[in-house]
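# Structural description and commentary
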Amino acid sequence: MDTFKRSRYYDFCITIYWFDMTAQLKTVIDRMYAGGSTGFHFHQTALLLDAGADHVFDAAISQYKAMTSYLKWEDLGIICVPNMEDKGSMKESSKLGEVIQLAKSIK
């Protein structure tokens, strides 16, 4: 939790399995709710999702939006990258430009 409190912003980069984020990342997010009453040093977040299909992002996006609302974080963007089935797929993705633009926009 100390790392979270020292950051200016935080990117949640999530690979979707079975229509939702991994249990390991869900555990981290669940533990962050405890910090909601004391607050965090950062107030800006972004969500980057990738998956092998293009229709599996809704649950993770809903959870992210609920979390940012509850913790009063500013959402800097949500990017969903489908069809990431093979190693190196991102290099060929049309979404790579969006990811780069998002990274450049964070100050």
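Residues numbered from 1 in each chain as written. Predicted model: local features only at pLDDT ≥ 70, side-chain atom pairs only at ≥ 80, totals over all residues. Heavy atoms only, no water.

The next point concerns the confidence of the model for the protein chain. Of all residues in the protein chain, 90% attain a pLDDT of 70 or more, and the chain-wide mean is 84. Summarising per-element confidence for the protein chain, the mean pLDDT is lowest in helix 1 (residues 2–6) (63) and highest in strand 3 (residues 74–81) (93). (pLDDT = per-residue confidence, 0-100. Helix = DSSP H or I, 4+ residues; strand = E, 2+ residues; numbered from the N terminus.)

This model, assessed by the stated rule, comprises two salt bridges. Of the charged contacts, one joins Asp30 and Lys26 as a salt bridge, the two residues approaching to 2.6 Å between their closest N and O atoms. Of the two residues, Asp30 and Lys26 are both situated in helix 2 (residues 23–32); the distance of four residues between them amounts to about one turn of the helix. You can call Asp30 partly exposed: its relative accessible area is 38%. Here Lys26 falls in the partly exposed class, since its relative accessible area comes to 29%. Two residues, Lys95 and Glu98, come together in a salt bridge whose shortest N-O distance is 3.5 Å. (Salt bridge = Lys/Arg side-chain N within 4 Å of Asp/Glu carboxyl O. Buried < 20%, exposed > 50% of the residue type's maximum accessible area, 1.4 Å probe, protein only.)

It is worth spelling out the environment of Ile78 at this point. Take Ile78: it is sitting in strand 3. Assessed through its relative accessible area of 29%, Ile78 is described here as partly exposed. In this structure the C-alpha to C-alpha distance between Ile78 and Leu48, which are 30 residues apart in sequence, comes to 5.9 Å. Here Ile78 is in contact with Leu47, Ile61, Tyr64 and Lys65, once residues within four sequence places are set aside. (Contact = heavy atoms within 4.5 Å.)

Its 14 residues give helix 3 (residues 58–71) an end-to-end C-alpha distance of 20 Å, which sits within 8% of 20 Å, the value for a rise of 1.5 Å per residue. The first or second residue beyond helix 3 is Lys72, which carries a positive phi of 60°. (Expected span 1.5 Å × (residues − 1).)

We now examine the nonpolar core. In terms of nonpolar packing, the biggest core is built from 21 residues, with Phe12, Ile14, Ile16, Leu49 and Trp73 touching the most fellow members. Residue assignment for this core shows that the elements contributing at least two residues are strand 1 (9–15), helix 2, strand 2 (44–50) and helix 3. Examining the composition of this core, we find that five residues originate from one element, helix 3, more than from any other. What Phe12 contacts, discounting residues up to four positions off in sequence, is Ile29, Met32, Thr45, Ala46, Leu47, Leu48, Tyr64, Met67 and Trp73. Ala46, Leu48, Val81 and Met84 belong to the second largest nonpolar core, which has seven residues in total. (Core = buried A, V, L, I, M, F, W, Y, C linked by side-chain atoms within 4.5 Å.)

Here we come to the environment of Met84. With respect to the helices, strands and loops of the structure, Met84 is situated in the loop between strand 3 and helix 4 (89–92). A relative accessible area of 18% places Met84 in the buried class. Distance in space between the C-alpha atoms of Met84 and Gly52 is 4.8 Å, their sequence separation being 32 residues. Beyond its immediate chain neighbours, meaning those up to four positions away, Met84 contacts Asp50, Ala51, Gly52, Ser89, Met90 and Ser93.

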